[in-house]
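# Examination of the molecular architecture
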Amino acid sequence: MAGGFSGHLEVDLELPARPSSVPEARRAVTRLAREVGASEQNVALGVSEAVGNAVLHAFKDEEQGTIRVRATPKPGILMVFIVDDGSGMAPNLESRGLGFGIPLITQVARDVRFDSSDQGTSVSMSFDAARTGSSRKPDLEGQS
Amino acid sequence: VALECSVDVREARSGAIELVKVAGEVDLANAEELNAVIHAPNLAERVGVVLDLRLVPFMDSSGLGTLLRAAQRLGSRLVLIVAPASPVANLLELSRVENMVNVAATEEQAVGLLDGTGPDA
């Protein structure tokens, strides 16, 4: 993992494209959601689905990929970006999912945008937030 | 990201019911663990299977897929216990699959559904 909370209220992570990155990304962004008064449930689900999609669909077998997770508060919203350096969204016949991921993202996010090419895929999501957060640095210890 | 699962067998009016309690978040990292528990060969022999998800604080579509496959396999012999307004209840609602799985709020209600004494039996 590289990064974490950068500055006071931002998440910036670079994670390997593997399943264990899903909870890591979700927990980091959900902590920020709590700080800025965004729906933790919605943010958790959106991030989990977007990172899970990247792990499952962006990389061919044996490919070592990276997923960047950024989240930053703006006035009234929390912006979340999930960007991979894979080969674009492709069906994964081994996937255990049933195609619920993207429909769930569109339901929980206020706005969502997908961009996919052979250079990778990016998912940009925004969530309503009650505040832009406190100026204190979030406590990274002892939270899951 | 290990899940905690405990399995008990309860004798109900209709026969032996497997009660599986799951605790922890369920996502792509560990959905296979849940899959292994609810697809254990001995479950197929039970009159019913109750999957208690009240201690699951988060589930995404990886877990949902596992639940739906179990529902497809076990049919009406599977009942989920889900706390009202919980993240799992929210996931079922957002995914519009509530009519594809039997859901109860309590263990007694779940056993009642399997015994044929529940409100929806």
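None of these values were measured; they are calculated from a predicted model. (Residues numbered from 1 in each chain as written. Chains lettered and ligands numbered in written order. Predicted model: local features only at pLDDT ≥ 70, side-chain atom pairs only at ≥ 80, totals over all residues. Heavy atoms only, no water.)

## Some words on the overall build of chain A
- From N to C terminus, chain A includes three helices and six strands.
- For chain A, with 144 residues in total, the buried portion stands at 47%.
- Summed over its atoms, the accessible surface of chain A is roughly 7100 Å², and 47% of this surface lies on carbon and sulfur atoms. (Helix = DSSP H or I, 4+ residues; strand = E, 2+ residues; numbered from the N terminus. Buried < 20%, exposed > 50% of the residue type's maximum accessible area, 1.4 Å probe, protein only. Areas by Shrake-Rupley, 256 points an atom, 1.4 Å probe, with all protein chains shown as cover.)

## Overview of the confidence of the model for chain A
- Averaged over every residue, the pLDDT of chain A is 84; residues scoring 70 or more account for 78%.
- For chain A, the element scoring lowest by mean pLDDT is strand S1 (residues 2-5) of chain A, at 46; helix H1 (residues 21-36) of chain A scores highest, at 97. (pLDDT = per-residue confidence, 0-100.)

## Brief notes about the pattern of salt bridges
Residue and element names in this part refer to chain A.
- Applying the stated criterion across every chain yields a total of eleven salt bridges over all chains.
- Two residues, Asp-12 and Arg-68, come together in a salt bridge whose shortest N-O distance is 2.8 Å. Of the two residues, Asp-12 sits in strand S2 (residues 11-16) while Arg-68 sits in strand S3 (residues 66-74), which places them 56 residues apart along the sequence.
- Residue class for Arg-68 comes out partly exposed when judged on its relative accessible area of 37%. (Salt bridge = Lys/Arg side-chain N within 4 Å of Asp/Glu carboxyl O.)

## With respect to the pairing of strand S1 (residues 4-12) of chain B
All names here are of chain B.
- Summarising the sheet, S1 and strand S2 (residues 15-23) pair through nine bridges and their orientation is antiparallel. Within S2, the residue paired with Val-9 across the bridge is Glu-18.
- Hairpin geometry of S1 and S2 is characterised by an intervening segment of two residues between the two adjacent antiparallel strands. (Pairing = 2+ DSSP bridges.)

## So, the nonpolar core
- Ranked by size, the top nonpolar core spans 69 residues in total, and within it Ile82(A), Met125(A) and Leu53(B) carry the most contacts.
- For this core, the element with the highest residue contribution is helix H2 (residues 40-57) of chain A, accounting for eight residues.
- Those residues in contact with Met125(A) that sit more than four places away from it in its chain are Gly46(A), Val47(A), Ala50(A), Leu78(A), Met79(A), Val80(A), Ile82(A), Ile105(A), Ala109(A), Asp111(A) and Val112(A).
- Membership of the second largest hydrophobic core comes to eleven residues, among which are Val50(B), Val79(B), Ala110(B) and Val111(B). (Core = buried A, V, L, I, M, F, W, Y, C linked by side-chain atoms within 4.5 Å. Contact = heavy atoms within 4.5 Å.)

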